Amino acid sequence: MESMETFEQAEIREIFTKEDLVKAFRDSGVSEGQHIFVHTSLSKLGYVVGGAETLIRALLEIVGSEGTLMMPSQTWKNLDPSTGVHWEAKAEWWPVIREHWPAYDKEITPAIGMGVVAEMFRKWPGAFRSDHPARSVAAVGKHADYLTRDHDLSNIFGSGSPLDKLYQLNGHILLIGVGYEKNTSLHLAETIADFPGKAFARESSAVMKDGRREWIDYETQAVDDSDFIRLGQEYDTAIGVPVRRIGGAEIRLLEQRPLVDWAAAWMERNRA
């Protein structure tokens, strides 16, 4: 019975070529010249002929030479093991990890846990990647260099960050098969909002400095995504966000600036 159910589930998946995706994303509002932060779960779409490569090619074709795509390329395992990012490691191993974890190298360090699309995208011809050792982004297109340049170690998501630069460009957010819990732009709203529980934290990462690997400490605003799903549900309802579907994936194309402004006000009302 289980194998039959699995077979039936596989049968209802759709198959998509690049041309299919181009049409579907255009129908969802993606258009030439947009600057878009993309968050995606490739598997939710269905069977994409050519996988991650096809998805990236489809989006780049739509936005064209005047547009820009940006994706997360975070390397969050390059943080102190005491934060829980190395949950598989015993506490007595932590000093060894701090001493030997490879320094961030934007040409080599993989985008851990960001999915196959983001991992391929960071290596795409012409891609730029920011220098943050744990919270980098990658971008391709007209403003790729601008968006990824000067990613401050402590100011990860705030003023002057890649997220804020996208905000200044009146950029968009494209959620493909993922929800608001993956919407990194809401962290920009956290930096803008004034709420009592706003806190700062010490983080640590391995970096290259003057040609040598160093384990450095830096202070940054603590982030909290525990209410992002609730926030997103309320935003969908309040704004009437159109939710489309491509295969098995829900698609939301959001204007980043209105979302961030609304989310900052929501946080001020709802966060302790």
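Residues numbered from 1 in each chain as written. Predicted model: local features only at pLDDT ≥ 70, side-chain atom pairs only at ≥ 80, totals over all residues. Heavy atoms only, no water.

### Some thoughts on the confidence of the model for the protein chain
Line of reasoning, step 1. Of all residues in the protein chain, 96% have pLDDT values of 70 or greater, and the mean over the chain is 95.
Line of reasoning, step 2. Note on residues 1-10: pLDDT under 50 across the span, and zero contacts to partners over four residues away in sequence or across chains. (pLDDT = per-residue confidence, 0-100. Contact = heavy atoms within 4.5 Å.)

### Here we look at the sheet that holds strand S6 (residues 137-141)
Sheet strands pair via backbone hydrogen bonds, and the direction of the pair is either parallel or antiparallel.
Line of reasoning, step 1. Taking strand neighbours across the sheet as the criterion, the seven strands line up as S5-S6-S4-S2-S7-S11-S10 in an open arrangement whose pairing is mixed. For this open sheet the edge positions go to strand S5 (128-129) and strand S10 (244-246), each flanked by a neighbour on one side alone.
Line of reasoning, step 2. Sheet strands touched by helix H2 (residues 18-27): strand S7 (172-176), S10 and strand S11 (249-255). Its angle to S10, the strand with the most contacts, is close to 175°. (Pairing = 2+ DSSP bridges. Helix = DSSP H or I, 4+ residues; strand = E, 2+ residues; numbered from the N terminus. Axes fitted to C-alpha atoms, helices over the stretch in contact; angles between N-to-C directions.)

### A look at the environment of Lys182
Line of reasoning, step 1. Structurally, Lys182 can be placed in the loop between S7 and helix H9 (185-192).
Line of reasoning, step 2. Relative accessible area serves as the criterion here: at 48%, Lys182 is assigned to the partly exposed category.
Line of reasoning, step 3. For Lys182 and Asp225, which are 43 residues apart along the polypeptide, the C-alpha to C-alpha distance reads 8.7 Å. (Buried < 20%, exposed > 50% of the residue type's maximum accessible area, 1.4 Å probe, protein only.)

### What about the environment of Val241?
Line of reasoning, step 1. Here Val241 shows up in the loop between helix H10 (228-239) and S10.
Line of reasoning, step 2. For Val241, a relative accessible area of 11% puts it in the buried group.
Line of reasoning, step 3. Along the chain, Val241 and Arg252 lie eleven residues apart, while their C-alpha atoms are 7.5 Å from each other.

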